[in-house]
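So you can see what is in the structure, the chains are spelled out below.
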Amino acid sequence: MKNFACSNCGNTVYFENVKCVNCGSTLGFDSGELSIVALADAGMSETAPDVPIFRKLNPGPDDVVLRYCANAEFGVCNWLTPESESNIFCKACDLNRIIPNLSEPGSLHAWRALEHAKKRLVYSLLRFSLPFDGSASSKGSLTFDFVRNALTGHLDGVVTIDVSEADAVERERQRKHFDEPYRSLLGHLRHESGHYYWMVLVDEAQRLEEFREIFGDERDDYDAALARHHSSGPAPDWQERHVSAYASAHPWEDWAETWAHYLHMVDALDTAAAEGMEGHGLRLDLRDDIYSTVTFETLMARWIPLTIALNSLSRSMGHDDFYPFVIPGSAYDKLAFVHRVIHGRGEQQQPAEAAPAETLNLTP
Ligand SMILES: [Zn+2]
Ligand SMILES: [Zn+2]
Ligand SMILES: [Zn+2]
């Protein structure tokens, strides 16, 4: 993610901040500008009593009166929405169908963690201009249910997340149980969003043939494949074909794991670029926006040196590798397909990009 700064004093601020620690300005996230903005009080809403409204500090001619999303009241959202709109929720909270039951202990804390992760996902979707409100497809909106003791998963556009995934101790237990060292809330959300975008960008966009050539036939019995994965474990040779063990369970899971991995890469590269962490020895134009202008080859050419640097840093601190992955040639092709379907919406299908001759081994 890019760096944000307080538009009053220039102090670096986080994506989740509502106040600048340096100058005390009120801050909010403007989902049109995709930026954190400093706000000036503009009184109270005329339509909703007790709701404060704001203008941006130094507003431009097109800037409108704003208010916080209704979920700001619970400390779970800092996104802004135009005062003129009747919807009380921001673009991201508008996707929620079920929120945690706040009368249960720990639920507010869990919801905050869930929202922070979901906002990061939605930020990436907005940067890619990916459709999620259902208006551009017949698949309906991307929808989130945050439910306790539910099975985390996806069905017909609805992403269900077990609220206990937000509990660090429970997540650690499941991380060990399922042998998923990279299990994280954001990883879950990215994975499950992948199932939604498979419907929109592959199935609905008529790219099934190309998908099947790369990932295999998704018409294989899904329930039987998952049961097999959970009883006998992953395919023994999964490391030769997939980004993760779970990806070997079924082509749909392979796609969702690959999609999540791609979003991890893009967000991490965007952050590295914003922090000036890239570029050592790279003969590439690092001003290219990782979300819009780079080819997949360039993205990988930037990604690999970054992961080596991150692993080296981790080793310097006496920790395990930060990025304990090796991307085999066929997973490279799968990531390239994700890149193509995100960037090639509305375009003709293109021939598959050639896989590199050798496996990309990221262990220095
Ligand atoms: Zn400030
Ligand atoms: Zn919101
Ligand atoms: Zn899945």
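Given the structure is predicted, the values throughout are model-derived calculations rather than measurements.

What counts and what doesn't
- Residues numbered from 1 in each chain as written.
- Chains lettered and ligands numbered in written order.
- Predicted model: local features only at pLDDT ≥ 70, side-chain atom pairs only at ≥ 80, totals over all residues.
- Heavy atoms only, no water.
- Helix = DSSP H or I, 4+ residues; strand = E, 2+ residues; numbered from the N terminus.
- Rg over C-alpha atoms; globule rule 2.2 N^0.38 Å.
- Buried < 20%, exposed > 50% of the residue type's maximum accessible area, 1.4 Å probe, protein only.
- Donors = N, O, S within 2.8 Å, 3.2 Å for Na, K, Ca; no water.
- Phe/Tyr/Trp six-rings, centres within 6.5 Å; stacked < 30°, edge-to-face > 60°.
- Salt bridge = Lys/Arg side-chain N within 4 Å of Asp/Glu carboxyl O.
- Core = buried A, V, L, I, M, F, W, Y, C linked by side-chain atoms within 4.5 Å.
- Pairing = 2+ DSSP bridges.
- Axes fitted to C-alpha atoms, helices over the stretch in contact; angles between N-to-C directions.
- Tetrahedral: all angles 85-135°; square planar, octahedral: opposite > 155°, others 65-115°.
- Contact = heavy atoms within 4.5 Å.
- Right-handed = clockwise from strand over helix to strand, strands pointing away.

Chemist: Which residues make up the overall build of the protein chain, and what are the values?
Modeler: Check the secondary structure of the protein chain and you find eight helices and eleven strands. Compactness check: the protein chain gives a C-alpha radius of gyration of 21 Å against a globular reference of 21 Å for 364 residues, within 12% of the reference. Expressed as lengths along the three principal axes of its C-alpha atoms, the size of the protein chain is roughly 60 × 50 × 50 Å. Considering the protein chain as a whole, with its 364 residues, one finds that 47% of them fall into the buried category.

Chemist: Give a detailed account of the coordination of the zinc ion (ligand 3), specifying residues and quantitative values.
Modeler: Protein ligation of the zinc ion (ligand 3) involves His-191 (NE2), His-195 (NE2) and Glu-253 (OE), the donor distances falling in the range 2.1 Å. Spacing between the donor residues of the zinc ion (ligand 3) along the chain follows H-x3-H-x57-E. With His-191 in helix H3 (residues 185–203) and Glu-253 in helix H6 (residues 251–274), this residue pair connects regions lying 62 residues apart in the sequence. Comparing His-191 with Glu-253, the two get one shared label, buried.

Chemist: Explain the packing of aromatic side chains to me, using residue names and the numbers behind them.
Modeler: What the rule picks out here adds up to 28 aromatic pairs. Geometrically, the ring pair formed by Trp-198 and Phe-211 is edge-to-face, given 5.7 Å between the ring centres and 70 degrees between the ring planes. Here the residue Trp-198 occupies a position in helix H3, and Phe-211 occupies one in helix H4 (residues 208–215), the gap between them amounting to 13 residues. Take Trp-198 and Phe-211: they sit in the same class, and that class is buried.

Chemist: Give a detailed account of the pattern of salt bridges, specifying residues and quantitative values.
Modeler: Tallied over the full model, the rule gives 22 salt bridges. Among the salt bridges present, the one from Arg-340 reaches Glu-210, with a minimum N-O distance of 3.1 Å. Within this pair, whereas Arg-340 is found in helix H8 (residues 329–343), its partner Glu-210 is found in helix H4, the two being separated by 130 residues in sequence. One salt-bridge network, held together by shared partners, links Asp-30, Glu-33, Lys-56 and Asp-63.

Chemist: Kindly report on the nonpolar core, identifying the contributing residues and their values.
Modeler: If you look at the biggest cluster of nonpolar residues, it comprises 82 residues, and the most contacted ones within it are Trp-79, Tyr-197, Trp-255, Trp-259, Tyr-262, Leu-299 and Met-300. It is H3 that provides the largest number of residues to this core, a total of ten residues. Residues Leu-39, Phe-54, Tyr-68 and Leu-80 belong to the second largest nonpolar core, which totals six residues.

Chemist: Describe the sheet that holds strand E11 (residues 158–162), and please don't skip the residues or the numbers.
Modeler: Taken in spatial order, the four strands line up as E8-E9-E11-E10 in an open sheet, and their pairing is mixed. Each edge of the open sheet is held by one strand with a lone partner, namely strand E8 (96–98) and strand E10 (153–155). With direction set aside, neighbouring strand axes in the sheet form an average angle of 25 degrees. Sheet topology note: the E10/E11 ladder contains three bridges and is antiparallel.

Chemist: Talk me through unusual backbone geometry; I want residue IDs and the actual numbers.
Modeler: Look at Leu-34: it is not a glycine, yet its phi comes out positive at around 55 degrees. Tracing the chain through its elements places Leu-34 in the loop between strand E3 (26–30) and strand E4 (35–44).

Chemist: Hey, could you go over the coordination of the zinc ion (ligand 2) for me, with residue numbers and the actual values?
Modeler: Within the protein, the atoms that donate to the zinc ion (ligand 2) are Cys-69 (SG), Cys-77 (SG), Cys-90 (SG) and Cys-93 (SG), at distances of 2.2 to 2.3 Å. Metal-centred angles of 106 to 113 degrees between the four donor atoms at the zinc ion (ligand 2) mark the site as tetrahedral. Sequence positions of the residues that donate to the zinc ion (ligand 2) give the spacing C-x7-C-x12-C-x2-C. Of the two residues, Cys-69 sits in the loop between strand E6 (66–68) and strand E7 (80–82) while Cys-90 sits in the loop between E7 and E8, which places them 21 residues apart along the sequence. Each member of the pair Cys-69 and Cys-90 is classed as buried.

Chemist: How would you sum up the environment of Ile-99? Please name residues and give values.
Modeler: Among the structural elements, Ile-99 can be located in the loop between E8 and helix H1 (107–127). Of the residues examined, Ile-99 reaches a relative accessible area of 34% and is grouped as partly exposed. Between the alpha carbons of Ile-99 and Ala-224 there is a distance of 31 Å; along the sequence they are 125 residues apart. Here Ile-99 is in contact with Trp-111 and Phe-146, once residues within four sequence places are set aside.

Chemist: If you had to explain the pairing of strand E9 (residues 143–147) to someone new, which residues and values would you point to?
Modeler: In terms of burial, E9 is a largely internal element, four of the five residues being buried. As paired strands, E8 and E9 are joined by two bridges and run parallel to one another. Residue pairing across strands places Ile-98 opposite Asp-145, the latter belonging to E9. Read from E8 through H1 to E9, the crossover connection turns out left-handed. Pairing analysis gives five bridges linking E9 to E11, with the strands arranged parallel. When the sheet's bridge partners are listed, Thr-143 is paired in E11 with Val-158.

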